[in-house]
Structure formats: structure tokens, C-alpha cells
Amino acid sequence: MNDMRFTERNVDSTEIKIRAKNVDVFYGETHAIKGVDVDIPEKTVTAFIGPSGCGKSTFLRCLNRMNDTIDTCRVTGDIKLDDEDIYDKRVDPVQLRAKVGMVFQKPNPFPKSIYDNVAYGPRIHGLAGNKAELDQIVEKSLRRAALWGEVKDRLDAPGTGLSGGQQQRLCIARAVATEPEVLLMDEPCSALDPIATAQVEELIDELRARYSVVIVTHSMQQAARVSQKTAFFHLGELVEFGETGAIFTKPEDPRTESYITGRIG
Amino acid sequence: MPLLWLLLLILAIAGVGYLLGRNRALSSAGGEIRKLHSLPSYYGYNGALVTAVPAIIFMMIWLLIQPILIENRTVILIPDDAIAEDSTRDLVMSDVRRIAEGLDRLIAEGALSATEIGDLRTETTDIREMLGEVGVALGAEVQPAVLNAALSYRALRATSSMWMTICVIGVAVLGLAMAVTRTNATFRARNSVEAVILTLLMLASTLAILTTLGIVLSMLFEARNFFNQYPWQDFFFGLTWAPSFSGRGGGSELGIIPLLWGTLYVSLIALLVAVPIGLFAAIYLSEYAGPKMRAFAKPLIEILAGIPTIVYGLFALITVGPLLRDYFAEPFGLGNGSSSVMTAGVVMGIMLIPFVSSLSDDIINAVPQSLRDGSFGLGATHSETIRQVVIPAALPGIVGAVLLAASRAIGETMIVVLGAGAAAKLDLNPFEAMTTVTVKIVSQLTGDTDFSSPETLVAFALGLTLFAITLGLNILALYIVRKYREQYE
Ligand SMILES: Nc1ncnc2c1ncn2[C@@H]1O[C@H](COP(=O)(O)OP(=O)(O)OP(=O)(O)O)[C@@H](O)[C@H]1O
Ligand SMILES: [Mg+2]
């Protein structure tokens, strides 16, 4: 773990953006998440790490109610965004997802042009008053996702025609364009080369100034580089949650230690 | 030997080929499957295929050529004076074939033995009556020369089929021998079986193409006869459809425009009914309906597709027609007949709903869930997601479904006859009776027809035009789909 370079460890904000208490998730009979409590602070990057299949994506999807789209999925417990229960009947999941954006594990660009992909959210939510503003939003989002240089001459080309890594950045641009308050990123760099990864990490760091970001990653180095808080999941349970520096330097739980030193997983 | 027995025999030899090929391969590898290039069963299949396929092909070619050769050799046996004045050589030849067939039946029924048949004389036996008893009716008394020809025809056929049996079995055995000698551990049986399968698949596709070509050619041939008798300008640009019924020719006006207009008008109304309803039903079923509702409603809609079109026609005739007349046409002063383009169009639209809905439903279901998730994840509502992501992604398939429905609509006949009538007319009023190309094809070909008059032959020109239109439609569909795919894949 000597190659890890920690960013400034101090969490800028102590305000809690999302408060999850005693969350359980079931897929039919499968108990995928077991009594997880997590507080995700405002203006912070929180990393979820853990072995494959431990429930990171599942938990992430609870935070913007994406699990609603899976018929067999059942979520119990208590998740509050700004002290409002997001599973309350009065909450419109559509409204919620506009506030809590998501980048999915597998890139899923729409079968539309690159421009229309990025402009999708702003159009739906009426974020741009006119074409020029929309153009600006699209350019800014693509720049932030480190994709602008590669696609600026072919904004009309289909988004599905991009390479895997480009598609992943397109999906990041698409999510950023909607200006969410919380951004959930499920392994956003899994198909990116080191340069693009560095650019996305830069974006994440930049987003931290205004939003809270939750990132799922399999790269310990990445978690250490970009996050201030880290949650370690194992077999559906939250094993350890705390300051990233603490988790990586002096983990309390032996399972955490085995995982970050490469013995589980 | 009857053909069936011969075929079974070939298959039996092929079975032997399978066993020999398999065993030889195994023994040449010392019983170790790992040392073989392919699995043992491939050597078996190779043996069976090399035995059976050339033999069967050989047999088919023989069967194709045999009748031609025998005809040629029989026809010269008929002297010119054996052909009656009002007859032709072809007609006499068909008599020869029928007599030969009758004689076969006589033998089969045991009424005559093979030697007795050789001794038959027209002078001593009434062959016409004898054949009549076994159900072969002849137009005239059998002449000696014709009987002779028939006898030699039978004899030739018998020899030929004997030689065929021998040769076919020979080819099969040869194939067997070749397959077995070629088989050893390093022989690439798998590849050679693959090659045979590939050929089979190619043959199947060529057959489909050749059939289409054959249909087009036969239509073209008859249509050319029509255009020899009737000017094409009048056919394609004529605004009146008024064939003279006497069939004596002359005075007919055979313009296709009123019929095309009727076809397009009815189809348009049908699609206006079917496309929105079918598409909305598909969207509801695939996007909103729960699994229970889906399991119940989908088959129910598909039942519509199983109703014979004549039943739809009756529905148009006795229910929809009068209804439209009483509540729309008459109150608004648009017409007073129950047969109308509207009636046929609406009923045809109902018929097409399941085509559009069922296909679109499958296509919408095939849109990956990840696209919907992506849209939901950006805060889009369900209907925004459907309109902006799901439908555009499914569009090529939906266009295909609609064009398929359009082809059905253009080719539909029964509903039009009963719903819209049979009067060719050029009119904009949808409550007027009109008719379509298909209806007129049927009416020109039913009843007393004379295949040399333009009134009858026009049916082929109409059919060809229809074919060209549906072909164009399909090409258009392919073009749209491909263009769309290029853009989004
Ligand atoms: N749609 C689903 N239906 C049923 N079970 C599911 C579904 N999605 C996930 N699971 C199960 O829930 C558990 C957690 O899966 P999840 O996708 O959250 O893992 P993950 O931590 O994101 O893994 P990875 O790192 O491989 O992405 C797994 O055991 C998985 O099999
Ligand atoms: Mg995952």
C-alpha cells in the first residue's frame, strides 16, 4: 500500500446529506443487504469498496430508488435525503432521481446522438432556456467528463458508436448535465485508461465542491486517491465505515485489513 | 422397384456407412477418441452422407430426365395418320400415357397378367371399355398404333426404372466404399460434415429465391400477353375500369388507377386504425401491464389474428357497414350505402391490430432494461422514457411491423368484397363504395374465362403491379431500418 497517495483527509462538511439506517434489501428470497447504516456527508466523496457480489451496487441503487424498477426487489429500513424519507409515499421517485443522479456500472448510452444523450436530462428538466444555453451545458458537461476533445467534431454521431471507455464518459457527462445534488457512480472508471481515469478523478474532486459523490470502485488506489470517506462491504454487510485514511492505514476489522491488503476478494 | 423401397434401401446403406465409418475411425485410432481428429459420430455421419447424398441426387436427376427421353422415343412411334384431324400429337401422347397408366392399374388389380398385356390387340379387345372399368376414361377408340406406343412406353419405363435402381444402388455402394477407405484417424470428418450442412442450407435459400423468381416470371409471361393486346398507357393511366362482360373483346376500359386508389384508400384507413391502437396496446402490455394482465391480454389480442378474414367480412357486411351508414354517412349526408371504403378500412384495421401489437410488443420487450434505467436514473418519468428512449430504440422493428401490416392490407380481398363492394370508383368520399386490385383479380378470373382475352389476362397485369408495389414497400422498409441501424448501432 506504499503507492497510495492520500488527498487531504479533512472532510469539509459535517452536514449529513443521506442518512441510511438499518437498510435491508431482498431480491425475492436472497438477502442482499443486511442492516446497513451509513451517513453520507455533504460535499464529500464517499467510496464503497468490497468484493464482487457483496451488494455495493444494490445499496447504491437504494439511494435513488432505482431498485423500484426491479419487480423482485424489496427494500426495508430508513433512508433520508436532507432529513426527508425517500421511501415515503409523498416522495416522487422521479423527482428524487433528478436530485440523486447515477452513473451505471455498465455504460448505457441511449440510441441517440452524442449531443442528444447529454442534452437528455437538461431537456426533460427544462434546465436550458434556449438552444445556446443547451449547447453550453452540453459542452461543459462533455468537458468535465474529459470527452469533449474526442467528440466535439461529431456531436451528431450516435452515442452507441463510441468506444466502451468513451461511452462510460458519455454517461458521466449525461449525469453531470442534469446538475444533481448527489451523484452515485458505479465503477465509473472500470473501462478507462489511466489518463481518462485521472481526468474523471479530477472531475470527482471538482464536483465535491458542490455535491456529494458516492463512488463504487474495485481499485483501492482510486478509493484512496479520490475519497474522504470509505465504506467496506462484505457479504451484504457494512463491515467498516470511516475516514478513508483511517480505513486504509489502521482498519479496525480484520476482514477490512485482509481485503485492502489483497487477501479477500 | 418402387421409389419408396429404393429410398429406404439407400438409407439402409447409409446406415451401414455410418457404422462402418465410425468403427473404422475408432479402430484406426486404437479406440482412443482423443487421437481422432473429430468425434466418432462425425466419421459416422460422413460415411452416411457420402453414401446417401450422391445416390439421392443421382436418382433425382434420373427421374427428371427419364420421362423426357421416354417421351421422345415413344412419340416417333405414332404415325401421322394416327392423329385425328381435330387432335394434335400432344393430345395423342397424353392418351398414350393414360393408356399406359390404365394398363398398370389393370395389372395391379389382377385383371390381366403382364404377358396378356403384351398380347393385347385392338381388333380383339375393347380396350377403351376395359380401361373405363378401372377409371381411366378415354375420348375415343384406341388405335393400334397408339396401343403399340403405349406398350412400348411401358416397356421403356420398366427398363429405365430397373437400370435406375441398379445405378442408384451402385452409386450408393461406391460412395460407401469411398467413405470407408478415406476414413482414418487424421481424416477431417467434422469439416466435411460441416461442408455438407453448409451446402444444404445454401440450397434451401436458393430454393426460396428461385420460387420467387418463378412466380415473377410466370406473371411476367401472362402480363406480356396482356400488354400485347391492350396498350400499357391505357392500363397504367386509365381512369376508368369498365371491362365488357361479353368477353368478345373490344369496348373494355381497363385502367388500373381506380383500383389502385381503392387499394391505397382502404389500406390507409386500415393503418390509421391499426397502427395507433396496436402500438398503444403494445406499449401498455410491455411497459405497464403486470405479468398477470399480460398473460391474459396478449393471447386474447392474438386471437384476433386467428379469425378468418371472411368472418371479418361478414362482420363488416352486417354490423359495421349499417352502423356507419346509420350514424355517420346518412346524418352527414355523405352517402347511403352500407358498403364503403370506411367500413372495409375500419374492419381491416381491427384485423391488423394484433399484427402491429404483437410484433411491436416483442420488439419493445427486446429493448434492454439498461436503457430504461439510464433514463429513469436521470429523473425521467415512465412516459418520457417510453417516448424518448424506448420507442426510438424500437423504431426499426416497429416500422417493420407497420409495413408488414401494410402488405397484409394491400393483399386483403374478402373484407373488401363484403365491406366496400366491387364497384371501381375514383372518389374522395370514404363513405362511397369502392374496390381494390385484389377483388378485381378474383372477379376477372372467376366464371367463364377465356385466357386469350384481355379481360382475363388483365388479372396478371394487376397481380404483377401489386407484387411490384409490395416489393417496393418491403425494400423501403429495409432501407429505413438499415439507415436507422447505421445511425444508432
Ligand atoms: N436483479 C437482481 N435479482 C436478483 N439478485 C440480484 C439482482 N441484482 C443483484 N443481485 C444479487 O445481489 C447480490 C449483490 O449484488 P450487487 O450487484 O449489488 O453486487 P456488487 O457488490 O455491485 O458486485 P460487483 O462488484 O460485481 O458489481 C449478489 O449476490 C447478486 O447476485
Ligand atoms: Mg456492482
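Residues numbered from 1 in each chain as written. Chains lettered and ligands numbered in written order. Predicted model: local features only at pLDDT ≥ 70, side-chain atom pairs only at ≥ 80, totals over all residues. Heavy atoms only, no water.

Participant: Just checking my understanding: could you explain the overall build of chain A for this structure?
Facilitator: Summing up its helical and strand segments, chain A has 10 helices and 10 strands in all. What you see for chain A is a C-alpha radius of gyration of 18 Å, in line with the 18 Å of a compact globule of 265 residues. Judged by the C-alpha coordinates and their principal axes, chain A covers about 55 × 45 × 35 Å. By the burial criterion, 56% of the 265 residues in chain A qualify as buried. Within chain A, contacts between residues separated by at least 24 positions form 67% of all contacts whose residues are at least 6 apart in sequence. As displayed, chain A offers around 11300 Å² of accessible surface, 46% of which is attributable to carbon and sulfur atoms. Of the charged side chains in chain A, 34 are positive and 40 negative; the average position of the first set lies 2 Å away from that of the second. (Helix = DSSP H or I, 4+ residues; strand = E, 2+ residues; numbered from the N terminus. Rg over C-alpha atoms; globule rule 2.2 N^0.38 Å. Buried < 20%, exposed > 50% of the residue type's maximum accessible area, 1.4 Å probe, protein only. Contact = heavy atoms within 4.5 Å. Areas by Shrake-Rupley, 256 points an atom, 1.4 Å probe, with all protein chains shown as cover. Lys, Arg positive; Asp, Glu negative; His and termini not counted. Charge placed at Lys NZ, Arg CZ, Asp CG, Glu CD.)

Participant: Would you mind going over the overall build of chain B with me for this structure?
Facilitator: Looking only at helices and strands, chain B has 17 helices and two strands in total. For the C-alpha atoms alone, the extent of chain B along its principal axes is close to 85 × 80 × 40 Å. Counting every position in chain B, which comprises 489 residues, the buried fraction comes to 42%. Pairs at least 24 apart in sequence give 72% of the contacts found in chain B among residues at least 6 apart.

Participant: Quick question: what am I supposed to make of the environment of Phe 48 of chain A here?
Facilitator: Residues and elements named next belong to chain A. With respect to the helices and strands, Phe 48 occurs in strand β3 (residues 45-49). Sequence separation between Phe 48 and Asp 186 is 138 residues, and the spatial gap between their C-alpha atoms is 9.1 Å. With residues up to four places along the chain from it excluded, the contact list for Phe 48 reads Ile 40, Lys 56, Phe 59, Leu 60, Val 214, Ile 215, Val 216, Thr 217, Ala 231 and Phe 233.

Participant: Honestly, the pattern of salt bridges in this entry has me stumped. Any pointers?
Facilitator: Side chains carrying opposite charge are able to pair once their charged atoms draw close together. If you walk through the whole model with that rule in mind, you get 31 salt bridges over all chains. One salt bridge connects Glu 101 of chain B with Arg 105 of chain B, and the closest N-O pair in it is separated by 2.8 Å. Highlighted residues: Glu 101 of chain B and Arg 105 of chain B, both in helix α3 (residues 89-109), separated by four residues, approximately one helical turn. For Glu 101 of chain B, a relative accessible area of 34% gives the class partly exposed. The salt bridge involving Asp 326 of chain B is made with Arg 325 of chain B; its shortest N-O contact spans 3.1 Å. Linked through salt bridges whose partners overlap, the residues forming this network are Lys 140, Arg 144, Glu 179, Glu 206 and Arg 210 of chain A. (Salt bridge = Lys/Arg side-chain N within 4 Å of Asp/Glu carboxyl O.)

Participant: Please clarify how a nonpolar patch on the surface should be interpreted in this entry.
Facilitator: Residues and elements named next belong to chain B. Taken together, Val 53, Ile 57, Met 60, Ile 61, Leu 64, Ile 65 and Leu 69 make up a surface patch of nonpolar side chains, about 650 Å² in accessible area. Here Ile 65 shows up in helix α2 (residues 40-75). Taking relative accessible area as the criterion, Ile 65 reaches 41% and is therefore assigned partly exposed. (Patch = residues over 30% accessible without salt bridge, like charges linked within 9 Å, V, L, I, M, F, W, Y side chains within 5 Å.)

Participant: I would appreciate a short explanation of the sheet that holds strand β8 (residues 212-216) of chain A in the present structure.
Facilitator: All names here are of chain A. A sheet is described by the order of its strands in space; here six strands give the open sequence β6-β7-β8-β3-β9-β10, paired in mixed fashion. Two strands in the sheet have a free side with no partner beyond their single neighbour: β6 (100-103) and β10 (237-243). For this sheet the average axis-to-axis angle between neighbouring strands, irrespective of direction, equals 15°. Contacting β3, β7 (182-186) and β8, helix α7 (residues 194-207) runs over the sheet at an angle of about 145° to β8. (Pairing = 2+ DSSP bridges. Axes fitted to C-alpha atoms, helices over the stretch in contact; angles between N-to-C directions.)

Participant: Is there a simple way to explain the coordination of the magnesium ion (ligand 2) in this structure?
Facilitator: Six octahedral donors around a metal ideally make angles of 90 or 180 degrees; four tetrahedral donors ideally make 109.5 degrees. Donor atoms from the polypeptide that coordinate the magnesium ion (ligand 2) comprise Ser 57 of chain A (OG) and Gln 105 of chain A (OE1), at 1.8 to 2.3 Å from the metal. Of this pair, Ser 57 of chain A sits in helix α1 (residues 56-62) while Gln 105 of chain A sits in the loop between β6 and α3 (114-124), placing them 48 residues apart in sequence. (Donors = N, O, S within 2.8 Å, 3.2 Å for Na, K, Ca; no water.)

Participant: Is there a simple way to explain the nonpolar core in this structure?
Facilitator: Nonpolar side chains in soluble globular proteins tend to end up buried together. Core analysis: the largest hydrophobic core is formed by 52 residues, its most contacted members being Phe 226, Phe 235, Met 348, Leu 352 and Leu 462 of chain B. At the level of elements, α7 (189-229), α9 (257-288), α11 (309-329), α12 (341-366), α14 (382-411), α15 (414-420), α16 (437-445) and α17 (454-488) of chain B are the ones that each hand at least two residues to this core. In this structure Leu 462 of chain B touches Phe 235, Trp 241, Ile 256, Leu 259, Val 437, Lys 440 and Ile 441 of chain B, once residues within four positions along its chain are discounted. Val 45, Cys 171, Ala 175 and Leu 207 of chain A belong to the second-largest nonpolar core, a separate cluster that totals 45 residues. (Core = buried A, V, L, I, M, F, W, Y, C linked by side-chain atoms within 4.5 Å.)

Participant: Any chance you could explain the packing of α3 of chain B against helix α6 (residues 144-182) of chain B here in plain terms?
Facilitator: Helix packing for two helices is described by the angle between their axes and how far apart those axes are. All names here are of chain B. Two elements in contact, α3 and α6, have axes whose closest approach is 8 Å; the angle formed by their N-to-C orientations is 65°. Pair α3 / α6 crosses with right-handed handedness. Across the interface between the two elements, Val 92, Val 96, Arg 97, Ile 99, Ala 100, Leu 103, Asp 104 and Ile 107 from α3 touch Val 146, Leu 147, Ala 149, Ala 150, Leu 151, Tyr 153, Arg 154 and Arg 157 from α6. Its residues assigned to classes, the contact of α3 with α6 comprises 12 nonpolar, no polar and four charged. (Left-handed = near helix turned anticlockwise from the far one by under 90°. Nonpolar A, V, L, I, M, F, W, Y, C, P; charged D, E, K, R; others polar.)

Participant: Explain the interface of chain B and chain A here, please?
Facilitator: How big an interface is tends to be stated in terms of the accessible area lost upon association of its parts. Between chain B and chain A, the residue contacts involve 22 residues of the former and 25 residues of the latter. Our count for the chain B to chain A interface comes out at one salt bridge. Asp 373 of chain B serves as the salt-bridge partner of Arg 61 of chain A, at 4.0 Å between the closest nitrogen and oxygen. Our count for the contact surface shared by chain B and chain A stands at four residue pairs in polar contact (both at pLDDT 80 or more). When contributions to the side of chain B that touches chain A are tallied by element, the ones reaching two or more residues are α13 (369-377), α14 and α17 of chain B. In terms of residue count, α13 of chain B provides more of the side of chain B that touches chain A than any other element does, eight residues in total. Within the side of chain B that touches chain A, the residues separate by chemical class into eight nonpolar, 10 polar and four charged. (Polar contact = N/O pair within 3.5 Å; in protein donor to acceptor, adjacent residues only side chain to side chain.)

Participant: Could you clarify how one ought to interpret the side chain of Gln 66 of chain B in this entry?
Facilitator: Mapped onto the fold, Gln 66 of chain B is located in helix α2. Other than its neighbours up to four places away in sequence, Gln 66 of chain B contacts Arg 157, Ser 160 and Ser 161 of chain B.

Participant: How should I be thinking about the sheet that holds strand β5 (residues 84-85) of chain A in this particular structure?
Facilitator: Sheets are built from strands paired through backbone hydrogen bonds, the pairs being either parallel or antiparallel. Residues and elements named next belong to chain A. Read across the sheet, four strands follow the order β2-β1-β4-β5 without closing on themselves; strand pairing throughout is antiparallel. This sheet does not close on itself; its edge strands, each paired only once, are β2 (30-41) and β5. Examined bridge by bridge, strand β4 (residues 73-81) and β5 share two bridges and lie antiparallel to one another. Residue pairing across strands places Leu 81 opposite Glu 84, the latter belonging to β5.

Participant: Even after reading the chapter, I still don't get α7 of chain A, so can you show me in this structure?
Facilitator: Side chains of residues three or four places apart in an α-helix project in the same direction, reflecting 3.6 residues per turn. Residue and element names in this part refer to chain A. For α7, with 14 residues, the first-to-last C-alpha span of 20 Å sits near the 20 Å given by 1.5 Å per residue. Along α7, the positions that sit buried rather than exposed are Ala 196, Thr 197, Val 200, Glu 201, Leu 203, Ile 204 and Leu 207. Buried residues of α7, seen end-on, are gathered within an arc of 155° and therefore sit on one face of the element. In α7, the exposed residues that point more than 90 degrees away from the buried face are Pro 194, Ile 195 and Glu 202. Looking at the buried side of α7, the elements it contacts are β3, α4 (131-144), α6 (164-177), β7, β8 and α8 (220-226). (Expected span 1.5 Å × (residues − 1). Arc of directions from axis to C-beta.)

Participant: It is not clear to me how the pairing of β6 of chain A should be interpreted in this structure. Could you clarify?
Facilitator: On a regular strand, each side chain points to the face opposite its neighbour's, so the side chains alternate between the two faces of the sheet. Residues and elements named next belong to chain A. Residue alternation in β6 divides its side chains into two sets, Val 100 and Met 102 and Gly 101 and Val 103, and both sets are buried. Relative to β7, β6 runs parallel, the two being bridged by four bridges. The partner of Val 103 across the bridge, within β7, is Met 185.

Participant: Explain the domain arrangement of chain B here, please?
Facilitator: You can read the domains of chain B as domain 1 (3-219) and domain 2 (253-488). One C-alpha centre belongs to domain 1 of chain B, the other to domain 2 of chain B; they are set 47 Å apart. (Domains from an automatic or database assignment.)

Participant: I'm lost on the site of ligand 1 in this one. Help?
Facilitator: All names here are of chain A. As a matter of local geometry, ligand 1 sits amid 13 residues, with Ser 52, Lys 56, Ser 57, Thr 58 and His 218 nearest to it. In this structure, Tyr 27 approaches ligand 1 through a side-chain N or O atom, which is 3.4 Å from a nitrogen atom. Within the side chain of Thr 58, an N or O atom sits 2.5 Å from an oxygen atom of ligand 1. When ligand 1 is considered free in solution it has 630 Å² of accessible area, and contact with the protein chains removes 64% of it. Here the shell around ligand 1 takes three residues from α1, the largest share from any one element. (Near = heavy atom within 4 Å.)

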